[in-house]
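Spelled out from the first residue to the last, the chains are:
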Amino acid sequence: MKELPEAKLYIDGVVRRAEGDRTYDNICPWTAEVAGQAADASATDVLAAIAAARRAFDETDWSRQHTERHALVKKYMALLRENRERLVEISRIEAGAAIGAACRAHVDFALNGGDDLVECSKAIVWEEDRGSREEHGFVSERIVSHDPLGVVGAITPWNVPLYVNIGKVIAALLAGCTVVLKPAPDTPHMGAIMGELAVAAGLPPGVLNVVTSADPAMAGEMLVADPRVDVISFTGSTGVGRHIMEKGAATLKRIFLELGGKSVKIILEDAPDFAMKVMMSMVIFHAGQGCAYPTRLLVPRSRYQEAVEALQMSYAGYASRWGGYDDPENVMGPVISKRQQERVMAYIELGQQEGARLLAGGKTCPDKGKGFFIEPTCFVDVSNEMRIAQEEIFGPVLVVIPFEDDDDAIRIANDSVYGLGGAVTSGDRERAMRVARAIRAGCVSVNDGMSITGDLPFGGVKASGVGREWGREGIEEFLDTKAIAIRV
Ligand code: NAD
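Parameters and conventions
- Residues numbered from 1 in each chain as written.
- Predicted model: local features only at pLDDT ≥ 70, side-chain atom pairs only at ≥ 80, totals over all residues.
- Heavy atoms only, no water.
- Helix = DSSP H or I, 4+ residues; strand = E, 2+ residues; numbered from the N terminus.
- Rg over C-alpha atoms; globule rule 2.2 N^0.38 Å.
- Contact = heavy atoms within 4.5 Å.
- Areas by Shrake-Rupley, 256 points an atom, 1.4 Å probe, with all protein chains shown as cover.
- Lys, Arg positive; Asp, Glu negative; His and termini not counted.
- Charge placed at Lys NZ, Arg CZ, Asp CG, Glu CD.
- Phe/Tyr/Trp six-rings, centres within 6.5 Å; stacked < 30°, edge-to-face > 60°.
- Buried < 20%, exposed > 50% of the residue type's maximum accessible area, 1.4 Å probe, protein only.
- Salt bridge = Lys/Arg side-chain N within 4 Å of Asp/Glu carboxyl O.
- Polar contact = N/O pair within 3.5 Å; in protein donor to acceptor, adjacent residues only side chain to side chain.
- Near = heavy atom within 4 Å.
- Pairing = 2+ DSSP bridges.
- Axes fitted to C-alpha atoms, helices over the stretch in contact; angles between N-to-C directions.

*Asks:* An account of the overall build of the chain is requested, with residue identities and associated values reported.
*Replies:* Per the secondary structure count, the chain includes 15 helices and 21 strands. In terms of overall dimensions, the chain is globule-like: its C-alpha atoms have a radius of gyration of 23 Å, near the 23 Å expected for 488 residues. The dimensions of the chain, computed from C-alpha atoms along their principal axes, are 75 × 60 × 40 Å. Across the chain, every contact between residues at least 6 apart in sequence was considered, and the portion connecting residues at least 24 apart equals 73%. Summed over its atoms, the accessible surface of the chain is roughly 19300 Å², and 52% of this surface lies on carbon and sulfur atoms. Computed over 53 positive and 68 negative side-chain charges, the separation of the two mean positions in the chain equals 1 Å.

*Asks:* Give a detailed account of the packing of aromatic side chains, specifying residues and quantitative values.
*Replies:* Within this structure, the stated rule accounts for 7 aromatic pairs. Taking the centre distance of 4.9 Å and the plane angle of 85° together, the rings of W30 and Y325 count as edge-to-face. Placement of the pair is W30 in the loop between β4 (23–27) and β5 (34–39) and Y325 in the loop between α10 (304–318) and α11 (338–354), with a sequence separation of 295 residues. Take W30: its relative accessible area is 6%, and that puts it in the buried class. An angle of 70° between the planes, with centres 5.5 Å apart, marks the rings of W158 and F394 as edge-to-face. In this pair, W158 sits in the loop between β8 (151–155) and α5 (161–175) while F394 sits in the loop between α12 (387–390) and β17 (397–403), placing the two residues 236 residues apart along the sequence.

*Asks:* Describe the side chain of E392, naming the residues involved and giving the relevant values.
*Replies:* Here E392 is to be found in the loop between α12 and β17. Here E392 sits buried without a salt bridge, and the closest side chain of opposite charge, R343, lies 5.3 Å off (N-O distance). Side-chain polar atoms of E392 contact the backbone nitrogen of G261, separated by 3.0 Å. Residue contacts for E392: discarding those within four places in its chain leaves G260, G261, K262, C291, R343, Y347 and Y418.

*Asks:* Would you mind going over the site of the ligand in detail, with residue names and values included?
*Replies:* Taken together, 28 residues lie near the ligand, and T156, P216, S237, L259 and E392 sit nearest. A distance of 2.8 Å separates an oxygen atom of the ligand from a polar atom in the side chain of W158. Side-chain polar atom of E392 to an oxygen atom of the ligand: 2.6 Å apart, as the coordinates give it. Out of a free accessible area of 850 Å², the ligand has 91% covered by protein chains. Only α7 (218–225), β11 (231–235) and α8 (238–248) provide two or more residues apiece to the shell around the ligand.

*Asks:* Which residues make up the sheet that holds strand β21 (residues 479–487), and what values do they have?
*Replies:* Reading across the sheet, the 3 strands line up as β6-β7-β21 and stay open at both edges, with antiparallel pairing between neighbours. Taken across any chain shown, the strands that pair with only one partner, and hence form the sheet edges, are β6 (127–135) and β21. Direction aside, the axes of adjacent strands within the sheet are offset by 25° on average. Pairing of strand β7 (residues 138–148) with β21, which is carried by 9 bridges, proceeds in the antiparallel orientation. Counted as the bridge partner of S140 is R487 from β21.

*Asks:* Which residues make up helix α13 (residues 406–414), and what values go with them?
*Replies:* Every buried residue of α13 is accounted for by D406, D408, A409, I410, I412 and A413. Packing partners of the buried residues in α13 comprise β13 (263–267), β14 (294–300), β17 and α14 (429–438).

*Asks:* Before we move on, could you go through the environment of A71 and cite the residues and values that matter?
*Replies:* Tracing the backbone through its elements, the reader meets A71 in helix α2 (residues 66–82). The exposure class assigned to A71 is partly exposed, which follows from its relative accessible area of 46%.

This is how it looks when you write it as structure tokens:
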């Protein structure tokens, strides 16, 4: 497998190595071998990045020049698109994306989403005339302005790194904020290329900074604690999100959290092509490493046996069709790391101990080499109380739960600490809509509708997060509101 060039830091407009030239190994999930080196930022590097972002916000007109800024960000997005092939290569090599997943969810989806944000930003109203009013015997003309929040610490995960990097960086820049991007240790190259192309796009120094480091927590903790950082926009696990919210309280930071999920797909008994809909519910895309992936499949008890047979057939048919690095049709590769492989395997073990029936998969695949592969896995006869139904596994594992009627399906769907995504299928649109409206989640797909696109808000309720990303709402998250009154 090809080695990637060293991933470098990007601080104050300069692409450079870390202090003391420190680097760490970036491990390829397909081979468990070194895929490249990445700059291992020191605390001094992180402080320099924060200082640069602060200076760019406070001492330049970046936050005020809306038209020029919009043009620069648009150019930056165009450059990212011109580098599509490199982005696909990085997502394949360092994130373990199969080609079918790399092109779609990882790169094209991210690039389209970034363009959507550029478009959505045109709808931002920077100043609103709120009219005049007499109060205390004199008249004031009033304006409400929407101003960028300041320096954003953007902390991102490894599963769809370009998508999350773009969702935060492009929205924050369009809003007029400046950014320190801290990618996950497993996916530094997708962060580094954001820096490299920022130079090429001519973004002013300090407006975007990228710090990669081997330590998962150090740079992020510094961003959360530093009073010069106004906002933390975090995507990752619920545990780390909770920790960030606690730590951020010390400096009263604005905190946005995009966290984990255990989303449902509900197939009602009147769904057209019932068996086909069930078969399409395998958790295989990017080995199930998607936050809003519907990993709990809810099927009616009246058609449960039919659903189990359909799944048995689809999993058996798929058994030899995944895991090929060069197969353009393949959408499923390894999981990201040894640690993640062990975590998912522990859940598969747990599911069996809890009494669920393993219908398919359940093993690692040493025959595919040293990479972190796990078979597409399906548990049936699952009850929603089991930990495999309640906890986020973040691997290629589907759990199947029977329900009695629509209200029971809604009850099971909402009996979760999470509330990120959801899906419902029915032959009757109004019936599906009733269920969709009742699901407590940030986005719900009805009859395979696309509820996640760059021009729609995305985010979670309950333990799935606070705030919204993407769409106009995702840009507005980086704005504050100011009332100005002029006595006339
Ligand atoms: P993670 O929480 O381990 O790490 C996320 C990021 O936080 C990484 O950059 C990591 O280095 C950093 N980090 C770790 N400890 C930190 C600390 N103490 N302080 C500050 N930063 C710290 O998550 P992960 O394993 O990288 O990603 C998988 C998780 O991300 C899953 O739970 C998944 O559901 C979630 N996710 C959510 C969304 C969403 O939009 N809701 C999207 C993608 C992934």
